[in-house]
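Fold and geometry: a report
One-letter residues, chain by chain:
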Amino acid sequence: MSFFDQVVQIGHEGLTVNLQFQPVKWTFRFYPARDPEQPRFWCLLVDQCDRTDALGQSVDRFLVARAMPRDLLLENLARLREDPREWLGADAQQTLGQWLQTVAERPMPEHPLQMKKGQPA
C-alpha cells in the first residue's frame, strides 16, 4: 500500500473494520458477507464510504478474500485490525490495492448526502 502515506483505523464495530488511507479522506468499510458464488463460505466486502457514521453513504463496493470458512474469515479480520498495511500489502490483496488506489482518486462530494450509490463521482 505504498501509494498511501498512512493507513488509519477509525475503530471497528463487531466484525466491521473502518480504514482511512491518508492523504485521501474516503473511508473504506471492511465487513464479512456470504460469498455470492459459494454461499456456505464467507468473503470480505469493502465499501468506499464518504463517512463512517450512520449517515455515511456507500459509493462503491469490492469483494475480496473469497470462499473462506468462518475461522479463516475471523483470522483475516484479526490480521487486518492488527496491521492493515501488512494485510493490504500481501500478494493476495493486489487487486484490492489497485481498486483502492483507483477509487481513492475520486473527489469527495461537497455534502455527504449529495452522492448516492450508482452516481458517477
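First things first, this report covers the structure right here in the doc. Positions within a chain are numbered from 1, following the residues in the order the chain's sequence is written. In keeping with the model being predicted, local features are shown solely for residues with a pLDDT of at least 70 and side-chain atom pairs are shown and tallied solely at 80 or more, while totals for entire chains, interfaces and linings include all residues. The side-chain numbers reported here are obtained from all heavy atoms of the structure, hydrogens and water having been left aside.

What follows is about the overall build of the protein chain. Secondary structure elements are defined from DSSP: runs of H or I of at least 4 residues count as helices, runs of E of at least 2 residues count as strands, and each element is numbered from the N terminus. What the protein chain contains, in helices and strands, is 3 helices and 5 strands. Moving toward the C terminus, one meets the helices and strands of the protein chain in the order β-β-β-β-β-α-α-α. Each residue's exposure class comes from its accessible area (1.4 Å probe, protein chains only) as a fraction of the maximum for that residue type: buried when under 20%, exposed when over 50%, partly exposed otherwise. Burial status across the protein chain gives 45% buried among its 121 residues. Intrachain contacts of the protein chain at a sequence separation of at least 6 include 47% that bridge at least 24 residues. In these tables, accessible area is a Shrake-Rupley quantity obtained with a 1.4 Å probe, and a residue counts as shielded only by the protein chains included in the view. Here the protein chain displays about 6900 Å² of accessible surface, and carbon together with sulfur accounts for 49% of that area. Throughout, a contact is declared for two residues whenever any of their heavy atoms are within 4.5 Å.

Quick look at helix α1 (residues 70-82) now. Expected span of a helix, by definition, is 1.5 Å for each gap between consecutive residues, and there is one gap fewer than residues. With 13 residues, α1 should cover 18 Å at 1.5 Å per step; its first-to-last C-alpha distance of 18 Å lies within 8% of that length. Close packing links the buried residues of α1 with β2 (16-22), β3 (27-34), β4 (42-49), β5 (58-68) and α2 (84-89).

For Phe, Tyr and Trp, rings pair up if their centres lie within 6.5 Å, where Trp contributes its six-membered ring, and each pair is then called stacked (planes under 30 degrees apart), edge-to-face (over 60) or tilted (otherwise). Taken as a whole, this structure holds 4 aromatic pairs when the rule is applied. Aromatic side chains Phe28 and Trp99 sit 5.9 Å apart centroid to centroid with 75° between the ring planes, which places their arrangement in the edge-to-face category. Of the two residues, Phe28 is situated in strand β3 and Trp99 in helix α3 (residues 94-104); the sequence distance between them amounts to 71 residues. Given the relative accessible area of 12%, Trp99 is considered buried. Cluster of aromatic residues (ring-pair linked, three or more members): Phe21, Phe28, Phe62 and Trp99.

In this structure, the amide linkage connecting Gln22 to the following residue, Pro23, adopts the cis form with an omega of 15°. Within the fold, Pro23 resides in the loop between β2 and β3. Positive phi, normally seen in glycine, also occurs at Ala67, with a value near 55°. Residue placement: Ala67 occurs in strand β5.

Inspection of α3 places Leu96, Gly97, Trp99, Leu100, Val103 and Ala104 among the buried residues, and these make up the whole buried set. Buried residues in α3, looked at end-on, bunch into an arc of 165°, giving them a common side. Summarising the geometry of α3, the exposed residues directed more than 90 degrees from the buried face are Gln94, Gln98 and Thr102. Close packing links the buried residues of α3 with β2, β3, β4, β5 and α2. The arc in question is traced by the directions running from the helix axis to the C-beta atoms.

As a further point, take the pattern of salt bridges. Pairing of side chains with opposite charge becomes possible as their charged atoms draw close. Salt bridge criterion: a side-chain nitrogen from Lys or Arg within 4 Å of a carboxyl oxygen from Asp or Glu. Within this structure, the stated rule accounts for 4 salt bridges. For Arg66, the salt bridge identified is with Asp35, shortest N-O distance 2.9 Å. Highlighted residues: Arg66 in strand β5 and Asp35 in the loop between β3 and β4, separated in sequence by 31 residues. On the accessibility criterion, Arg66 (36% relative accessible area) is partly exposed. You can call Asp35 buried: its relative accessible area is 1%.

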